[in-house]
Amino acid sequence: MEFPAALFPSYFGAGPPQEEGGPAPAAGWGEHGQVLEGGPGRRQVQPAFVPRRGATGEKWEAADGAAVPMLLPSAGCWIPSPAPEDILYRSGLCRKLRAGKSGATLDFARQLGHFFVDHPEDAFGSLGRLLHKNFYLGNSKLKRPARNSAIRMTALVEDINRLEARRGCPRQHLASRLRWFSHLCRDWLFEVPLGLLADCLHEELMQQWSSLLFDDSLTGGALAWLPPEDGGTPMGCLVHPGGQAMNCLYFQDVVLEELPCTRGSPAQFELSGRVQQVAAARVDGQDFVGVRSDYHCGVWRVPGKRGAAPTPLQVIRTDVPASCLTVSPHLPGELSVCTQSGTVYLWSVETGLQHLRHDPQTMFFRDHSPWRWSDFTAHPRVLSCADRTGLQCLDARAPRRCHFDLFKVGEEAGCQQGERVVLPMYLGRAHPSQYLVTTQFSVYVLDERLPLVPVLKWSHMMKAPPLFAHLMPGKPGRSHNVLLGASRTQELLLLQYQDSFGGVSSGGSQSACQLAGTPQKLHSITGCLQHLPTQLPHRHHLLQQRLAAPAAGLAATLQEDGPQKSMLIFQLSEAGDVFCQRLTHKAAHPPAPPSRDEGTTAPGSSPLFEAPASSPQGLGAAALRYRRWLRALSRACTEPPLHTWPPSLSQRRLFTRRDLEGLAGPSSLQRQMRQRLRQTMKERGRIQHWEPLALQPPPLPQTLEPAGGSDPLSARLTAAWAGDWEQWWEERTSFSVARRQQALRERRRRQKRAQGRRSLSASFTSSLTYQSELSELSDTGPSLLSPGHPPILSQEGSPSAGSPPVRGPTTSVVPDEALLSSQSLRCRGIPKERRKTLRDYLSVWAEGPPEPPESPRS
Amino acid sequence: SSNEHKLNFKKSKEACLSYIQDALLQKQWKRAAEFLTCYVESLEKDYSREHVGPSEMIWRIGTEILWHHSQNGMKEFSCFMEQMKTLGVKRYLKVCLEHVFHLLCNGQIDEAYQNLSLAESWRFGEQTAIQDKEMKLIQAYRGLLDYYSWSKQKNILLDHGEDGFSDLSVEQEMHGYFRKAAVNLKEIIKIPGVWDLFVKCYVDLLEFYGDHNEAHQVLNEYAYNSKFPANPNAHVYLYQFLKRQGESKKSLISALKILHDIVPSHELMIDFNTMLQKSKKRKKRRLGLEVIFAALDYAGWKENAKAWNCLARQMKQIVISEKYLDWIKQEWNSRKDWWPAFHFSRYLAKRNWQENKSLSYEKALVAGILLGKGCKYFKYVSQQGCKAQLKRFRVLKKFVNRHNPVYLRISG
């Protein structure tokens, strides 16, 4: 390839960047940059000039209103990665304190608390077991002999709860008891020394936060397109990760049609880590696919003929996370690997790893980022190495001696202050000696024959740094297309550049690089949301979350079908979805009428779900694709994973069938009452006295402690209103003392047990799974109640409360307090020795039963 | 409160800007223009301390819209640019330059010249470093346009000169242009940068007036000053100048040697190799072999039949003479682990044979010498050649078979 006969004029400086930095919203518009004389033919009356930016480019138009799903969503729900609100400290006070100051406050205490609750065994295991006897968890005062060796924890727990409730209150005094306790046992209570644990947690939090701000592990993208063989059937192969942990690698054959569709089932490989990057290159008619996860890199070979199975060739393991893996476009089975420790290897499948360089420091100035990148250049033995400060090329045959600087963040390239390299990419398929370098502000095209001076520079104005790039080389004399993609914002930008102007008239000879056409924004995955049919709110929320998942990869291909040219762009999201969009090439010569020029894809219009006139079946293929995807998604996601089921338990082993039979069906009393109620309503009268009250079976102790809404006061008022207050009072006081004492004793024992259980069970109830086997209980549920109870079985805080039963007859019901009382058990004929077992069993998940109100006199 | 008001204003400004951005990126020029008219309001209360203020954004966005969506064409555009020039003092020169570029690209050379002259006479207080650079560029572009006028007059004179008719006023005018152009061009090429266009024009002027020393010095400075970037074109211009001047082979070779050192993959390396091969000196011929081997290392040269021809010719000479086989051996040593896969795979043999028979001939010869008659590339191509009954492939096969011991010596 010839070197351009003349380059665009530019100044050349050295040293650190002078220009003040910062994202500039419109910095890429309205600039020609420079001009160069280079029109067709030199001997002309007037010289003809061409601009560095602003030449006419190819015209691409989106074929659909939105990106269309390529693959059906995988089974199993996607777990979104942590959001800022998960790890940031939120409180009014904090916000006030922070006003003016930049930087975020991480919610360290909450995370540490989560750890203690979620992993009590790891946090306090051995001492917890040792001290088990010395911590008293009951409510009552400790008796004398016990007080010598045990302390009462309930008060401490209350203090902690109070502290939690007052969180954010400026006048927050630490309870002295808490301080005393923590002072006493901070040094020995914890399994892992608290300081060490806190350090580790803090480090992890910082790492999570920084990866939330900018996650560079995804650099390069985890999606690759293996194009069809020349002249063969238009069937390519899409290489993408999948599975819940993104640790499966799929090679999916795809037929390029109007909308590309999958053919056959994919070849699947399960890997031992999350796939961070998939890189591919074609050498000698074979595709080599490199896959990077944090500690492993692997390489596959895919024969050029589609349909043939990919073969895994080799895997390497690294001690430090790898940050880059690129595949050589020159030699089969050669790759380059970088690790975060600053080591660069040339990896050949035949000869193994060759260590090229190790430098934990950055190249041109100091930068804290451990990110490193490496790629190939026009010379198969010369590799480029990059960090955030720039790029160097080094010869693999003598890496110490032979190297030169290719790009430097500095005045040489006219960079801004604070600018950092985000993604370098070898543009070999378009031009053997050209390189693309993106930073958070600009894109640069470099020519390795003229190092340090970019042959093209443009500020891309993207909101997030472009982590993915894809090149689609044009035919000689035509412009090359470059796609830039960001992760968090899912932005996609199409750029065109050419390295020969004048086109055919000047013979397409080599000339200086020019940016052609205007940059074009393409559909993002989340953009399709507005075109989708209206969903139920919670579905909509789920869908929104799913579609807005950060992008994780980008691939594209040009498809030429006779005179019609189109571009297919695939985008991968972190949720594992692959979306695809098609751009069609518009011939440049007839200037399109302005009305058509504008707003074919204006927001608000939704051509996706409108029936296009041309399509006979009424709906476009894209809409059908969406229908299917949505259906599959709702199937995959509404089926909640097992552990989120409300706990239920089998009572088959607790009650015999006979035990329960006697109670089936509404009692005669209920039937009687209902009939009366109905009749009164028909007569539009009112019921003044519930006369049959006398017929009531001996009142259970629960009548004293009505569950739910009927507290003693309202019961008393109701009675007063009905006019038989005296009778009510009589009833309350005329309880036999003996019976009440018994009831109280019973309750105390129960509470004690529940308290003890609660503290232990609090963190593992969620992980215990009870299969729903409570159908019989729930069917007969209402009949277990005394008529005095409201006929809804509910318990505050239980997951089933308030939500309508969605699962029909199998809906589980949390056992009522009634089940636990010994009277109720006795009256069901449960033998005494089994009662305790039953109670223990039930109390496991009778977590936080409403405290029975104390009777007014005690 | 006023603070809140400011905040709201800022927010709506940002929202408006993002709408404009969105429209521009989707080529909805009309929509963008409508939003821009709203955005102009932000000029009124410009509290921003950002380095790209609203006035610059309006200039940039407005220009972009007018490029793509303008009814009255250049007139409207110029009108807009004039307004923009008055909007900010700091950006005056930059806007002027961009305006001139647009005029130049649309062929309005005279208007561009007027604008350049106007911008050159602009003075406002003390100039910043950036403004200084912009001013130098404006002068340089004016010099460039003067050069074009000069070259036009020169052509007229030369045409008329053939008729034996000379016009004194035209000649004087031409000299005037020369002076104006030379002053400005000379200024800019002193500053480190990439000034291919300006250097070429300046050297052309100097050569016309016979000032070869000055031209040589300018080109030397442009090529060898370490403050300038390592621009291959600087060396190419020097080489072409030396060639035009009929300089000795030695100086030409030394100029190309430096180019070879900085860009071994430059297309002039073929000329360099032919020049060296013709040389009587052993050392030079050896360098020639090195040069062509180095060039063929690069992916861009993989299918360059000319280069393969150079290599094949020189290697054939060496093999026939059976002298200097160690040259080949040394070159091959650092390449034998990757050239076979890079150049001589079976896949490439097939493709080269299909696409370019003479390329595959040259490559097969090189492969046969370097890798012996058992090499996949050589075997495939010679078989196909014999099958197609091409005489030279049969000769090739015979040659390689006869000289097979050479391969053993090279690889041994």
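In what follows, the accompanying structure is described. (Residues numbered from 1 in each chain as written. Chains lettered and ligands numbered in written order. Predicted model: local features only at pLDDT ≥ 70, side-chain atom pairs only at ≥ 80, totals over all residues. Heavy atoms only, no water.)

### Here we look at the overall build of chain A
Going by this rule: The secondary structure listing takes helices from DSSP runs of H or I that are at least 4 residues long and strands from runs of E that are at least 2 residues long, numbered from the N terminus. Whether a residue is buried, partly exposed or exposed follows from its accessible area with a 1.4 Å probe, protein chains only, as a fraction of its type maximum: under 20%, in between, or over 50%, in that order. In this analysis, two residues are considered to be in contact whenever any of their non-hydrogen atoms come within 4.5 Å of each other. For accessible areas, the Shrake-Rupley method is used with a probe of radius 1.4 Å. Any residue's cover is judged against the shown protein chains and nothing else.
The secondary structure content of chain A amounts to 20 helices and 36 strands. Taking all 858 residues of chain A together, 47% fall into the buried category. Contacts spanning at least 24 positions in sequence make up 57% of the contacts within chain A whose residues lie at least 6 apart. In the form shown here, chain A has an accessible surface area of approximately 43600 Å², with 55% of it arising from carbon and sulfur atoms.

### Structural notes on unusual backbone geometry
Residues and elements named next belong to chain B. Of note, the phi angle at Glu-322 is positive, near 60°, even though the residue is not glycine. Tracing the backbone shows Glu-322 in the loop between α15 (305–321) and α16 (325–333). A positive phi angle, near 60°, is found at Tyr-324, a position not held by glycine. Position of Tyr-324 among the secondary structure elements: in the loop between α15 and α16.

### Side note on the nonpolar core
Put simply, the rule is: As used here, the term nonpolar core means buried Ala, Val, Leu, Ile, Met, Phe, Trp, Tyr and Cys residues forming a set that is joined through side-chain atoms within 4.5 Å.
In terms of nonpolar packing, the biggest core is built from 250 residues, with Phe-407 and Phe-570 of chain A together with Ile-61, Trp-195 and Leu-311 of chain B touching the most fellow members. If you tally residues by element for this core, the top one is helix α7 (residues 129–162) of chain B, at 11 residues. Once you skip the residues sitting within four places of it in the chain, Leu-311 of chain B turns out to touch Leu-289, Ile-292, Phe-293, Leu-296, Trp-339 and Val-366 of chain B. Ala-66, Leu-529, Ala-622 and Tyr-626 of chain A belong to the second largest nonpolar core, which has 17 residues in total.

### Some words on helix α9 (residues 196–208) of chain B
The condition that has to hold: The span expected for a helix works out to 1.5 Å for each residue beyond the first.
If you check α9 of chain B, its first and last C-alpha atoms are 18 Å apart, about what 13 residues at 1.5 Å a residue would give, namely 18 Å. Within α9 of chain B, the full set of buried residues consists of Asp-196, Leu-197, Phe-198, Val-199, Cys-201, Tyr-202, Val-203, Leu-205, Leu-206 and Glu-207 of chain B.

### Re the pairing of strand β18 (residues 322–327) of chain A
Residues and elements named next belong to chain A. Operational definition: Here, any two strands with at least 2 DSSP bridges between them count as paired.
The buried count for β18 comes to 6 of 6 residues, which makes it a mostly enclosed element. Alignment of β18 against strand β19 (residues 334–339), held across 5 bridges, turns out to be antiparallel. Note that in β19 the partner of Thr-326 across the bridge is Ser-336. From the end of β18 to the start of β19, which pair antiparallel, there are 6 residues, and Gly-333 there has a positive phi angle of about 75°.

### Comments concerning the sheet that holds strand β27 (residues 434–439) of chain A
Sheet strands associate in pairs through backbone hydrogen bonding, adopting either a parallel or an antiparallel arrangement. All names here are of chain A. Condition: Under this scheme, a helix contributes an axis fitted over its contacting stretch, all axes are lines through C-alpha atoms, and angles between N-to-C directions fall in the 0 to 180 degree range.
Pairing in this open sheet of 4 strands is antiparallel, and the strands run β26-β27-β28-β29 from one edge to the other. The sheet is open, and its two edges are formed by β26 (421–426) and β29 (456–459), each paired on a single side. For this sheet, the mean angle separating the axes of adjacent strands, direction not counted, is 15°. In this sheet, strand β28 (residues 442–447) lies alongside β27 in antiparallel orientation, the contact comprising 5 bridges. Opposite Tyr-435, over in β28, you have Leu-446 as the bridge partner.

### Quick word on the interface of chain A and chain B
Accessible area lost upon the coming together of the parts serves often as the stated size of an interface. Here is the rule: Throughout, the accessible surface (probe 1.4 Å) given up by two parts as they are put together, summed over both, is called the buried area. The term salt bridge refers to a pairing of a side-chain nitrogen on Lys or Arg with a carboxyl oxygen on Asp or Glu at a separation within 4 Å. Whenever two N or O atoms come within 3.5 Å, that pair is a polar contact, provided that in protein one can donate a hydrogen and the other can accept it, and provided that, for residues adjacent in sequence, both atoms are side-chain atoms.
The partner chain B presents 73 residues to the 67 residues of chain A that form the contact. Both sides together, the interface formed by chain A and chain B hides about 6100 Å², and carbon and sulfur atoms give 59% of it. The largest share of the area that chain A buries against chain B comes from Tyr-11, Trp-29 and Phe-49 of chain A, three residues that together contribute 13% of it. Counting across the interface, chain A meets chain B through 4 salt bridges. When the shortest N-O distance is used, the salt bridge between Lys-521 of chain A and Asp-22 of chain B registers 2.2 Å. The tally of links between chain A and chain B comes to 26 residue pairs in polar contact (both at pLDDT 80 or more). When residues of the side of chain A that touches chain B are traced back to their parent elements, those giving at least two are β1 (10–11), β2 (35–37), β3 (49–51), β4 (53–55) and β33 (514–521) of chain A. Counting residues per element, the side of chain A that touches chain B draws most heavily on β33 of chain A, which supplies 4 residues. Direction of pairing for β1 of chain A relative to strand β1 (residues 193–194) of chain B: antiparallel, over a ladder of 2 bridges.

### Side note on the packing of aromatic side chains
The condition is simple: Here is the rule: rings of Phe, Tyr and Trp (six-membered ring for Trp) pair when centre to centre is within 6.5 Å. Planes less than 30 degrees apart are stacked, more than 60 are edge-to-face, and the remainder are tilted. Here, over-ring charges are defined by two tests on the NZ atom of lysine or the CZ atom of arginine: distance to the ring centre within 6 Å, and angle to the ring normal within 35 degrees.
The tally for this structure, following the rule as stated, stands at 40 aromatic pairs over all chains. Seen in terms of ring centroids, Tyr-141 of chain B and Phe-198 of chain B are 5.6 Å apart; in terms of plane orientation they differ by 85°. Their pairing is edge-to-face. Placement of Tyr-141 of chain B in helix α7 and of Phe-198 of chain B in helix α9 is noted, with a sequence separation of 57 residues between them. Of the two residues, Tyr-141 of chain B and Phe-198 of chain B, both sit in the buried class. Summarising the aromatic geometry, the rings of Phe-344 of chain B and Tyr-377 of chain B are spaced 5.8 Å apart at their centres and angled 70° between planes, so their arrangement reads as edge-to-face. You can see Phe-344 of chain B sitting in the loop between α17 (339–343) and α18 (346–355) and its partner Tyr-377 of chain B sitting in helix α20 (residues 376–387), a full 33 residues away along the chain. By relative accessible area, which is 0% here, Tyr-377 of chain B ends up buried. Among the aromatic residues, those joined into a ring-pair cluster are Phe-293, Trp-308, Trp-332, Trp-338, Trp-339, Phe-342, Phe-344 and Tyr-377 of chain B. The aromatic ring of Trp-371 of chain A is capped on one face by Arg-388 of chain A, whose charged end is 4.0 Å from the ring centroid.

### Details of the pattern of salt bridges
A side chain with one charge can pair with a side chain of the opposite charge if their charged atoms come near. The final tally for this structure, using the stated rule, is 32 salt bridges over all chains. Between Glu-121 of chain A and Arg-129 of chain A there is a salt bridge, with the nearest N and O atoms lying 2.5 Å from each other. For Glu-121 of chain A, a relative accessible area of 48% puts it in the partly exposed group. The closest approach of N and O atoms between Arg-335 of chain B and Glu-331 of chain B, which form a salt bridge, is 2.9 Å. Residues Arg-335 of chain B and Glu-331 of chain B agree in their burial class; the two are buried. Taken together, the shared-partner salt bridges connect Glu-31 of chain A together with Glu-56, Arg-60, Arg-91 and Lys-94 of chain B into one network.

### Considerations on a nonpolar patch on the surface
Residues and elements named next belong to chain A. The condition that has to hold: Here a patch means residues that are over 30% exposed by relative accessible area and free of salt bridges, tied together within 9 Å if like-charged and within 5 Å if nonpolar (Val, Leu, Ile, Met, Phe, Trp, Tyr).
Taken together, the side chains of Trp-180, Leu-184 and Trp-188 define a hydrophobic patch exposed on the protein surface, amounting to about 340 Å² of accessible area. Assignment of secondary structure puts Trp-188 in the loop between α7 (176–185) and α8 (194–213). Residue class for Trp-188 comes out partly exposed when judged on its relative accessible area of 38%.

### A closer look at a positive patch on the surface
Operational definition: Note on charges: Lys and Arg go in the positive column, Asp and Glu in the negative column, and His and the chain ends are not counted at all. The location of each charge is read from NZ of Lys, CZ of Arg, CG of Asp or CD of Glu.
There is a patch of like positive charges on the surface, built from Lys-141, Arg-144, Arg-147 and Arg-152 of chain A. When you line up the elements, Arg-144 of chain A lands in helix α5 (residues 144–147).

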